[in-house]
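# Commentary on secondary and tertiary structure
The chain contents come next:
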Amino acid sequence: MQRRAFLKQTALAAAGGAVLGKAVAQDASGVAQDALPPAQDAAPAVPDAPASVPHAPPAAADAPAIVPEAPRLTWRLASTFPNESPTLFAGAEDVARYVADVTEGRFVIEILPAGKPPRPDQVLQAVQRRDVDCGHTVSTRYFDTDPALSFDACVPFGLNTRQMNAWMNQGEGLTLTREAFGRYGILNFPCGQTGAQMGGWFRGEIKTVDDLRGLKVHAGGFARHVLARLGAVPVDIPVEQAYAALEEGRVDAVAWIGPYDDERLSLYKVARNYYFPGWWAGTQQLSLYVNKAAYDELPKPFQSALSLACAMATGNMIAQYDAGNPDALRRLVSQGAQLKAFPRPVLQACYEASLAAYNELSAKDPMFKRLYDSMLAFRNKQAPWSRMAEGSFDNMVATLGAQGA
């Protein structure tokens, strides 16, 4: 079944009266002290969630237009992501393409790449003010604004890709994160995942937790906060400056994403120690932030098209990283990258520092606590099953495959 016909038929079905959303109560208490002022009408009714795309009947070759009398609309989308991460930027391109396909070109989304206003770290504020209608970003960027928003992306020792998808679409994840974003008049749509990330490129070795003290590290959001608790010195630089910063000693380590994206930065030439795992990101979810008032003005079929487009973009990104990372890692190793696992005592120290941060932030913000408690319960329920089913299967294939190689 062709992608366009499939999406169009699904959106037509939604236009016929299927209601995908449910109401969500707003908890207006506990906003972080440095957060933006909440929107006045921020109590959100949760709209179409980007859940798994339902099955649709085969489309006729001459499928009718979505709604003959539908208006023509153009939205502006601000992207956080630079050209150095084309995989991440492609998520917004997917959304724009799918939405245009489904609506027969009646709903157009124009993408403003990083480097044009708003600044990459101001997408949340721009969508809240409706300087743009929507933005494609990652919520860990706004940890300093509101730590609770990080659960929309990734948190230390949190969820992997499968678990995050399940928590968002079948657990409480989407409901609770939308309640948190409701404080800013924004609807968040999951719109991409990177999968598990690497721990970053280090000029020197990390043998004990003492090696983190005084280390100048470029890392994002929650990870930066935890590393600072262990004595590291967070350094905020644009990723396109990472090579020069490492070469000149302005930073000692750079955590980016994983082999498929990291390869383009050539950091192995100036920092050969490539550590794993990225304990702060079992996956990293990207999101489409949508201004709530702008969303409410959309015709119902356009709302459904947007939700479906985000779901399709998420699947594409996961597949792209899963397909691209293995070969990229082999190329990096062949060019001199040294793969190294963080020592267990270092991971233990990071875990304990993360727990202390969770407890402190939970005491400050009831919304953060609700998200943390929900994520933790979901992870603890899922982990034994994942270890027994997926883990044992992966180990079996790896072992038997090695014997037959």
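Residues numbered from 1 in each chain as written. Predicted model: local features only at pLDDT ≥ 70, side-chain atom pairs only at ≥ 80, totals over all residues. Heavy atoms only, no water.

On to the state of the cysteines. What the rule picks out here adds up to zero disulfides. Here Cys310 is not cross-linked by a disulfide; its sulfur's nearest cysteine counterpart is in Cys191, at 4.0 Å. For Cys310, a relative accessible area of 0% corresponds to the buried category. (Disulfide = S-S within 2.5 Å. Buried < 20%, exposed > 50% of the residue type's maximum accessible area, 1.4 Å probe, protein only.)

Neither face of strand β5 (residues 134-137) is left uncovered, since the one carrying Cys134 and His136 and the one carrying Gly135 and Thr137 both have all their residues buried. Bridging between strand β3 (residues 73-79) and β5 involves three bridges; their strand directions are parallel. Considered in β5, the bridge of Ala78 is made with Gly135. (Helix = DSSP H or I, 4+ residues; strand = E, 2+ residues; numbered from the N terminus. Pairing = 2+ DSSP bridges.)

On to the packing of aromatic side chains, then. The tally for this structure, following the rule as stated, stands at 19 aromatic pairs. Their ring planes at 75° and their centres at 4.9 Å tell us that Trp279 and Trp280 sit as a pair that is edge-to-face. By relative accessible area, which is 9% here, Trp280 ends up buried. Ring geometry for Tyr358 and Phe368: centres 6.3 Å apart, planes at 40°, overall tilted. Placement of Tyr358 in helix α11 (residues 344-364) and of Phe368 in helix α12 (residues 366-404) is noted, with a sequence separation of ten residues between them. Residue classification places Tyr358 among the buried positions, given a relative accessible area of 3%. Here the aromatic residues Phe143, Phe151, Phe222, Tyr358, Phe368 and Tyr372 are joined through ring pairs into a cluster of three or more. (Phe/Tyr/Trp six-rings, centres within 6.5 Å; stacked < 30°, edge-to-face > 60°.)

Looking now at the nonpolar core. Of all hydrophobic cores here, the largest spans 58 residues; its most connected members are Phe151, Trp167 and Phe222. Taken together, the elements giving at least two residues each to this core come down to α3 (123-129), α4 (161-169), α5 (173-181), α6 (221-229), α11 and α12. With eight residues, α11 is the largest single contributor of residues to this core. With 29 residues, the next largest nonpolar core counts Phe89, Met198, Tyr268 and Met317 among its residues. (Core = buried A, V, L, I, M, F, W, Y, C linked by side-chain atoms within 4.5 Å.)

A separate point is a nonpolar patch on the surface. A cluster of nonpolar residues, Phe393, Met396, Val397 and Leu400, forms a patch on the protein surface that exposes about 380 Å² of accessible area. Note on placement: Leu400 falls in helix α12. (Patch = residues over 30% accessible without salt bridge, like charges linked within 9 Å, V, L, I, M, F, W, Y side chains within 5 Å. Areas by Shrake-Rupley, 256 points an atom, 1.4 Å probe, with all protein chains shown as cover. Salt bridge = Lys/Arg side-chain N within 4 Å of Asp/Glu carboxyl O.)

This part takes up the sheet that holds strand β10 (residues 253-254). With respect to topology, six strands assemble into an open sheet ordered β9-β8-β10-β7-β11-β13, the strand pairing being mixed. The sheet terminates laterally at β9 (233-234) and β13 (338-341), the two strands that pair on one side only. Pairing analysis gives four bridges linking strand β11 (residues 273-276) to β13, with the strands arranged parallel. Bridge assignment links Tyr275 to a residue of β13, and that residue is Lys340.

The step from Pro117 to Pro118 runs through a cis peptide bond, and the omega angle for that step is 0°. Relative to the elements of secondary structure, Pro118 occurs in the loop between β4 (107-112) and α3. For the peptide bond that leads from Phe276 to Pro277, omega is -5°, which places it in the cis range. On the secondary structure map, Pro277 appears in the loop between β11 and β12 (285-291). Positive phi, normally seen in glycine, also occurs at Arg130, with a value near 65°. Tracing the backbone shows Arg130 in the loop between α3 and β5. The backbone phi angle of Ser266 is positive, close to 55°, even though this residue is not glycine.

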